[in-house]
Amino acid sequence: MSEQEAAEVAAREVAAFLGRCREQIAQRWADAPLFRTVFTVSRDEAVEACKAVVDALREVAASGRPEDVAAPGFDSVREQLGRMAASRARSGVAPAQIADEAAGLRAAAAELLRHESRGPAGGEAQETMLALTVLMGTLRLVFMQTTLNAGEELIARQRLQLLEVATPVINLWEGIVAVPLIGTLDSARSQVVMESLLQAIVEQRASYAILDITGVPTVDSLVAQHLMKTVAAARLMGAECIVSGIRPAIAQTIVHLGIDLSPVLTRGSLADALAYALSQQGIEVSHRVAGATPR
């Protein structure tokens, strides 16, 4: 028998062992930190989750590919493992510790296998134990993979939430909304700005939308392109868009870059843009004379 054939036979032995000892393994795993701290409603819930993982491992072992993290057998539990990893991560557990907890599941299964393997077939028992070790190592890798994926998804959600918080839409007056932009304006943030502004135009029935770029440190061709797209989208929604806060340094940069902002209505400050929008609605803004008594 070749080495490859021997490994496949050992993997099938592991699959048979997991089938025979499914209940015992699940009962022991249910008390492990990885399952006990996630499934807190009842122990039966943890046992059922453990059984699902055992069944997945048995399917992977039966396929003769215990070292394959992409084996189809893991598909049925990958979502569950991801939820478990995310739950542990939210509790402040580091990915390395989660991986160690997954590796710790091997001990309970190995103890049962050693108990079953007491007998004359020592060589075959060693091959089976090796196959079980490889399989549990693969499970650990799958846990690490799902943990990293869960972490990346959490970071992406938090980043989107920060973008939304960093680009608030302010209702300045009836029919007038404004977005004060602070910091770098990249493609992702520009998309959030556009979506938030268009939504506010619809909800507030705004006729004027002000994009204030006083807090934007630099304006290059990409930022100008994003502004033009936002202005065009606002116009399609029936609102006139005003860009305010163009400082002298930014104005010089725009000229040097040859960027044509002639189709865009601009004002020097947010106050000027608001005064323009109010005047277009027939509201006159006048300055109070010092010492004058309001009527």
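Attention in this report is confined to the structure presented alongside it. This one's a predicted model, so the numbers in the text were calculated from it and none came from an experiment. (Residues numbered from 1 in each chain as written. Predicted model: local features only at pLDDT ≥ 70, side-chain atom pairs only at ≥ 80, totals over all residues. Heavy atoms only, no water.)

So, the pairing of strand β4 (residues 240–244)
Thought 1: Counting buried residues along β4, four of its five residues qualify, which places the element largely inside the surrounding structure.
Thought 2: The sheet contact formed by strand β3 (residues 208–215) and β4 spans five bridges and is parallel. Note that in β4 the partner of D212 across the bridge is S244.
Thought 3: What joins β3 to β4 is helix α10 (residues 221–236), and the crossover it makes is right-handed.
Thought 4: Both β4 and strand β5 (residues 265–267) contribute to a ladder of three bridges, which runs parallel. Considered in β5, the bridge of I242 is made with L265.
Thought 5: With helix α11 (residues 248–257) bridging β4 and the parallel β5, this β-α-β connection has right-handed handedness. (Buried < 20%, exposed > 50% of the residue type's maximum accessible area, 1.4 Å probe, protein only. Helix = DSSP H or I, 4+ residues; strand = E, 2+ residues; numbered from the N terminus. Pairing = 2+ DSSP bridges. Right-handed = clockwise from strand over helix to strand, strands pointing away.)

Considerations on unusual backbone geometry
Thought 1: Positive phi, normally seen in glycine, also occurs at R205, with a value near 55°.
Thought 2: Turning to its location among the elements, R205 is positioned in the loop between α9 (187–204) and β3.

Looking at the environment of S187
Thought 1: Locating S187 in the fold gives a position in helix α9.
Thought 2: Considered as a pair, S187 and L197 are 10 residues apart in the sequence and their alpha carbons are 15 Å apart.

Regarding the environment of L113
Thought 1: In this structure, L113 sits in helix α7 (residues 105–116).
Thought 2: When its relative accessible area of 3% is taken as the criterion, L113 is described as buried.
Thought 3: Spatially, the C-alpha atom of L113 lies 28 Å from that of T40, the residues being 73 residues apart in sequence.

So, the pattern of salt bridges
Thought 1: For the structure shown, the criterion picks out 11 salt bridges.
Thought 2: Note that R43 is salt-bridged to D31, the shortest N-O span being 3.0 Å. Linking R43 in helix α4 (residues 43–62) with D31 in the loop between α2 (22–29) and α3 (33–36), this pair joins segments that are 12 residues apart in sequence.
Thought 3: Relative accessible area serves as the criterion here: at 37%, R43 is assigned to the partly exposed category.
Thought 4: For D31, a relative accessible area of 42% translates into the label partly exposed.
Thought 5: One salt bridge in this structure joins R88 and E101, with 2.5 Å as the shortest N-O distance. In this pair, R88 is assigned in helix α5 (residues 75–90) and E101 in helix α6 (residues 95–103), connecting sequence segments 13 residues apart. (Salt bridge = Lys/Arg side-chain N within 4 Å of Asp/Glu carboxyl O.)

Considerations on the sheet that holds β5
Thought 1: Spatial strand order, β1-β2-β3-β4-β5: five strands in an open sheet with mixed pairing. Taken across any chain shown, the strands that pair with only one partner, and hence form the sheet edges, are β1 (170–173) and β5. For this sheet, the mean angle separating the axes of adjacent strands, direction not counted, is 30°.
Thought 2: Together, β1, β2 (176–182), β3, β4 and β5 form the strand contacts of helix α12 (residues 270–280), whose direction differs from that of β3 by roughly 170°. (Axes fitted to C-alpha atoms, helices over the stretch in contact; angles between N-to-C directions. Contact = heavy atoms within 4.5 Å.)

Quick notes on the state of the cysteines
Thought 1: As enumerated under the stated definition, the model contains zero disulfides in all.
Thought 2: Summary of cysteine pairing: C21 is not part of a disulfide, and the nearest cysteine sulfur, belonging to C50, is at 15 Å.
Thought 3: Residue C50 is classed as buried on the basis of its relative accessible area, which comes to 0%. (Disulfide = S-S within 2.5 Å.)

Read these as spatial facts, not as claims about activity.
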